[in-house]
Amino acid sequence: MEEESYTTSHLLGSAVISEERNSTKHDGPYASMQTFPPSNGVDKGQGYPTEAFGQQPTSNWQGVFSVSSYTQYFNVDTDVVVNRLISSLNPVSGDFFSKIDANPDLYGPIWISTTLVFVLTLLGNLAIYLTQKQEDSSISWRFDVSFINTAAWSIYGYVILVPLAYYFFLQYMGANANLIRFWCMWGYSLTIFIMSSFLLLVPVGILRWIIIILTGVASASFVALNLRSFIEGNDLSVSIIAAFCLQIALTVFIKDGEERMKAFMQEP
Amino acid sequence: MSHSHNDTIPLHPSSQSDIDEIENLINASVNQSVPSARPPSPPRASIPVSVSSAPAAPSPFISSHLPPPLPLPKSSASPPPPPPPPHPSSAFGSPPNTLTEPVWDTVKRDLSRIVSNLKLVVFPNPFREDPGKALRDWDLWGPFFFIVFLGLTLSWSASVKKSEVFAVAFALLAAGAVILTLNVLLLGGHIIFFQSLSLLGYCLFPLDVGALICMLKDNVIVKVVVVCVTLAWSSWAAYPFMSSAVNPRRKALALYPVFLMYVSVGFLIIAID
């Protein structure tokens, strides 16, 4: 059963094989491809994992410092990434984990969160300026560089720490947990925030509230439903509700950041 | 004649032209008379190298201003040192002793290299599509100047928090170049780390010009237009190098972060008031 996972796992992110994989999804120690940090310099292109799996218990720390041992987490093509982005916008399907099961990638989370940092700061500032201009046309443009700082710390902190916390929590509770897949899922859940930041440029007040609420709910349900389908059979619904609330909290935090920007702009 | 070497690694298509170039230079310098192959430096008070031994040496590698290791009259007894890299400014015959040349020579050489690299990368020329030739003589002085200049310009344009603006711009560009290079390497691409850093730094030149114009002219419409034009120019400059470094199916994955970085810097230029 482990061999199955290796022979098919090199097919890049294809959802076709996900049906056969479902039975092996919850097996015990995972291959070196699916654990983090990488235990040795396993390059995905080589005829690989049989000897790597044998070395799994002895953690060879040299793999942590070489770039080639991390390429296994970036083994995606453009169409795969686009496919995952589009499916992350769908809040009710709950099958994201089966899509990424064979080949979770870290490319998506890293660049989606980076994009979100810049989009939040710059477009958020622009949106506040346009809103203020509607009400009070004498207001002038002001930009505070420290918003980038705040946005970066909060977004990166959220994407890194929340899946890590869930990983440790689920390991403690005895359910299976996989850190890479959690990072992947939480990272892709931020896609919808990027799109709504563009929509929020519309300066109509009530419309902005509706957009923000819809975004928060969609993203939170994406996270919660996928988490539920991952932890199937376990009675950990508290954690699912907590995930939902955390995502809502992120939305509220973004909205609060906008209020702070607004106050900053109105300063004499 | 290079095919007589037993190459186990397949050559990059541009490497063959490099090897041919080096062979031609070797042959050309062997035919030269040895005394004229010395670089024109002022005579130094040092251990005298006997001139009489020089014509006896058919190999160009022996004659130099460095003292000979042992008083070997025969050139064939001493193994020739490895050939120095093809240096365009000095004769190929002897290694240039750059430690004792005037400072102005060093600065002039570095400046001319920056200018030539800039012309290769940012302006249209027939070598742009060949990553082996495009930035073969890479250096990091040019990128350093451009990044610092952009940070300084943004800092001057800002009315408050000038030092923080400089810090953000510098960190964004420097860390961004490193992260972009790592991104290509992680996607399984083939680039040389420092060559890529160098290229991403040189591609900032249009944004430098744009930032300078935006600093001098404070109109929003002008800023937006200027930034859009220079942004397109920067992206056009970086495109062939980045796209040829990775698998064609991952080209967009490698190019998107470059685009993201330049757009963010462009936004910063417009947004700094």
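The model shown is predicted, which means the values in this text are computed figures rather than measured ones. (Residues numbered from 1 in each chain as written. Chains lettered and ligands numbered in written order. Predicted model: local features only at pLDDT ≥ 70, side-chain atom pairs only at ≥ 80, totals over all residues. Heavy atoms only, no water.)

**Q** Which parts of the structure should I look at to understand the pattern of salt bridges?
**A** Between side chains of opposite charge, pairing is possible as soon as their charged atoms come close. Residues and elements named next belong to chain A. Following the criterion strictly, the structure yields 13 salt bridges over all chains and no others. We note a salt bridge from arginine 260 to aspartate 256, for which the minimum N-O separation is 2.9 Å. Of this pair, arginine 260 and aspartate 256 are both found in helix H11 (residues 237–266), 4 residues apart, which corresponds to roughly one turn of the helix. (Salt bridge = Lys/Arg side-chain N within 4 Å of Asp/Glu carboxyl O. Helix = DSSP H or I, 4+ residues; strand = E, 2+ residues; numbered from the N terminus.)

**Q** Where do I start with the UniProt feature "transmembrane region" (unreviewed entry) in chain B in this structure?
**A** Residue and element names in this part refer to chain B. The UniProt feature table records "transmembrane region" (unreviewed entry) at residues 140–158, 165–186, 192–213, 220–241 and 253–272. A distance of 30 Å separates the end C-alpha atoms of residues 165–186, which is 100% helix and 0% strand. What you have in residues 220–241 is 100% helix and 0% strand, and the ends, taken at the C-alpha atoms, are 32 Å apart. (UniProt positions renumbered as here; feature names shortened; annotations may be inferred.)

**Q** Just to check I follow, could you spell out the nonpolar core for this structure?
**A** The nonpolar side chains of a soluble globular protein tend to be buried with one another. One finds A:Phe182, A:Trp186, B:Tyr262 and B:Ile269 to be the most contacted residues of the largest nonpolar core, which totals 106 residues. A per-element tally of this core places helix H9 (residues 251–271) of chain B first, with 11 residues. (Core = buried A, V, L, I, M, F, W, Y, C linked by side-chain atoms within 4.5 Å. Buried < 20%, exposed > 50% of the residue type's maximum accessible area, 1.4 Å probe, protein only.)

**Q** Help me understand the packing of helix H2 (residues 103–122) of chain B against helix H4 (residues 141–157) of chain B in this model?
**A** Residues and elements named next belong to chain B. The contact between H2 and H4 brings their axes to 9 Å, and the two run at 80°. Here H4 runs roughly perpendicular to H2, going by the angle between their axes. In this structure, H2 contributes Asp110, Ile114 and Leu118 to the contact, and H4 contributes Trp141, Gly142, Phe145 and Phe146. Of the residues contributing to the contact of H2 with H4, the split by class is 5 nonpolar, 1 polar and 1 charged. (Axes fitted to C-alpha atoms, helices over the stretch in contact; angles between N-to-C directions. Parallel < 35°, antiparallel > 145°, perpendicular 65-115°, else oblique. Contact = heavy atoms within 4.5 Å. Nonpolar A, V, L, I, M, F, W, Y, C, P; charged D, E, K, R; others polar.)

**Q** Please clarify how the packing of aromatic side chains should be interpreted in this entry.
**A** Two aromatic rings, taken as a pair, are described by how far apart their centres are and by the angle between their planes. Per the counting criterion, the structure on display carries 22 aromatic pairs over all chains. Seen from their ring centres, B:Trp138 and B:Phe194 are 6.0 Å apart, and the 15° between their planes marks the pair as stacked. Note that B:Trp138 is positioned in the loop between helix H3 (131–134) and H4 and B:Phe194 in helix H6 (residues 193–202), a separation of 56 residues in sequence. B:Phe194 gets classed as partly exposed once you look at its relative accessible area, which sits at 39%. Feature note: the residues A:Phe97, A:Tyr166, A:Phe182, A:Trp186 and A:Phe230 constitute an aromatic cluster, connected by ring pairs. (Phe/Tyr/Trp six-rings, centres within 6.5 Å; stacked < 30°, edge-to-face > 60°.)

**Q** I would appreciate a short explanation of H2(B) in the present structure.
**A** Helical geometry note: an α-helix holds 3.6 residues per turn, so side chains three or four residues apart project in the same direction. Residue and element names in this part refer to chain B. Counted at 1.5 Å a residue, the expected span for H2 with its 20 residues is 28 Å, and the 28 Å between its end C-alpha atoms agrees. Among the residues of H2, those classed as buried are Asp110, Ile114, Asn117, Leu118, Val121 and Val122. Burial along H2 is one-sided: seen end-on, the buried residues are contained in an arc of 105°. For H2, exposure combined with an orientation more than 90 degrees from the buried face picks out Trp104 and Lys119. Contacts made by the buried residues of H2 are with H4, H6, helix H7 (205–216) and helix H8 (220–245). (Expected span 1.5 Å × (residues − 1). Arc of directions from axis to C-beta.)

**Q** Even after reading the chapter, I still don't get helix H4 (residues 78–88) of chain A, so can you show me in this structure?
**A** Turning to H4(A), its buried residues number three or more, namely A:Thr78, A:Val80, A:Val81, A:Arg84, A:Ser87 and A:Ser88. Residues of H4(A) that are buried sit in contact with helix H5 (96–100), helix H6 (107–135), helix H8 (179–188), helix H9 (191–199) and helix H10 (205–230) of chain A together with H9 of chain B.

**Q** Just checking my understanding: could you explain the confidence of the model for chain A for this structure?
**A** Low pLDDT marks stretches whose predicted atomic positions should not be read closely. All names here are of chain A. Residues of chain A with pLDDT of at least 70 account for 76%, and the chain-wide mean is 76. The secondary structure element of chain A with the lowest average pLDDT is helix H2 (residues 18–21), at 40, and the one with the highest is H9, at 90. For the stretch residues 1–32, pLDDT sits under 50, and the model shows 52 contacts to residues farther than four places along the chain or on other chains. In this model, residues 41–57 is a region of pLDDT below 50 whose contacts with residues beyond four sequence positions or in other chains number 32 contacts. (pLDDT = per-residue confidence, 0-100.)

**Q** Explain the interface of chain B and chain A to me, please; I cannot follow it from the model alone.
**A** It is common to give the size of an interface as the accessible area lost on bringing the parts into contact. Taken residue by residue, the interface counts 27 residues in chain B and 24 residues in chain A. For the chain B and chain A pair, buried surface summed over both sides reaches about 2300 Å², with 69% attributable to carbon and sulfur atoms. For the chain B face of the interface with chain A, the top three residues by lost area are B:Leu186, B:Arg250 and B:Leu253, together amounting to 25%. Taken together, the connections running from chain B to chain A amount to 3 salt bridges. In this structure, A:Asp77 engages B:Arg249 in a salt bridge whose closest nitrogen and oxygen atoms are separated by 3.3 Å. Put simply, chain B and chain A have 11 residue pairs in polar contact (both at pLDDT 80 or more) between them. Ranked by the residues each element gives to the side of chain B that touches chain A, the list is headed by H9(B), at 11 residues. The class makeup of the residues in the side of chain B that touches chain A is 19 nonpolar, 2 polar and 6 charged. (Buried area = accessible area lost by both parts, 1.4 Å probe. Polar contact = N/O pair within 3.5 Å; in protein donor to acceptor, adjacent residues only side chain to side chain.)

**Q** Would you take a moment to explain the environment of B:Met215 for this structure?
**A** Residue and element names in this part refer to chain B. Within the fold, methionine 215 resides in helix H7. Judged by its relative accessible area of 28%, methionine 215 falls in the partly exposed class. For the pair methionine 215 and aspartate 273, spaced 58 residues apart in the sequence, the C-alpha separation amounts to 9.2 Å. In this view, methionine 215 contacts Thr153, Trp156 and Ser157; residues no more than four positions away in its chain are not counted.

**Q** Explain the packing of H6(A) against H9(A) to me, please; I cannot follow it from the model alone.
**A** Helix packing geometry: the angle between the two helix axes and the distance between the axes. Residues and elements named next belong to chain A. For the pair H6 and H9, the least separation of the axes is 9 Å and the interaxial angle reads 25°. In terms of their interaxial angle, H6 and H9 are classed as roughly parallel. Two packed elements cross with a definite hand, and for H6 against H9 that hand is left-handed. From H6, Ile112, Thr115, Leu116, Val119, Leu120 and Leu123 reach across to H9, where they touch Thr191, Phe193, Ile194, Ser197 and Phe198. Of the residues belonging to the contact of H6 with H9, the class tally is 8 nonpolar, 3 polar and no charged. (Left-handed = near helix turned anticlockwise from the far one by under 90°.)

**Q** I'm lost on the UniProt feature "transmembrane region" (unreviewed entry) in chain A in this one. Help?
**A** All names here are of chain A. The UniProt record marks residues 110–131, 143–168, 180–202, 209–230 and 236–254 with the feature "transmembrane region" (unreviewed entry), using the residue numbering of this structure. When the span residues 143–168 is considered, its composition is 88% helix and 0% strand, and the gap between its end C-alpha atoms is 39 Å. Taken as a whole, residues 236–254 contains 95% helix and 0% strand, while its terminal C-alpha atoms sit 28 Å from one another.

**Q** What is the right way to look at the confidence of the model for chain B in this model?
**A** All names here are of chain B. The share of residues in chain B with pLDDT of 70 or more is 67%, and the mean pLDDT across the chain is 75. Every residue in residues 71–90 is under pLDDT 50, and counting partners more than four places away or in other chains gives 17 contacts. Reported confidences for the modelled complex are a pTM of 0.70 and an ipTM of 0.74.

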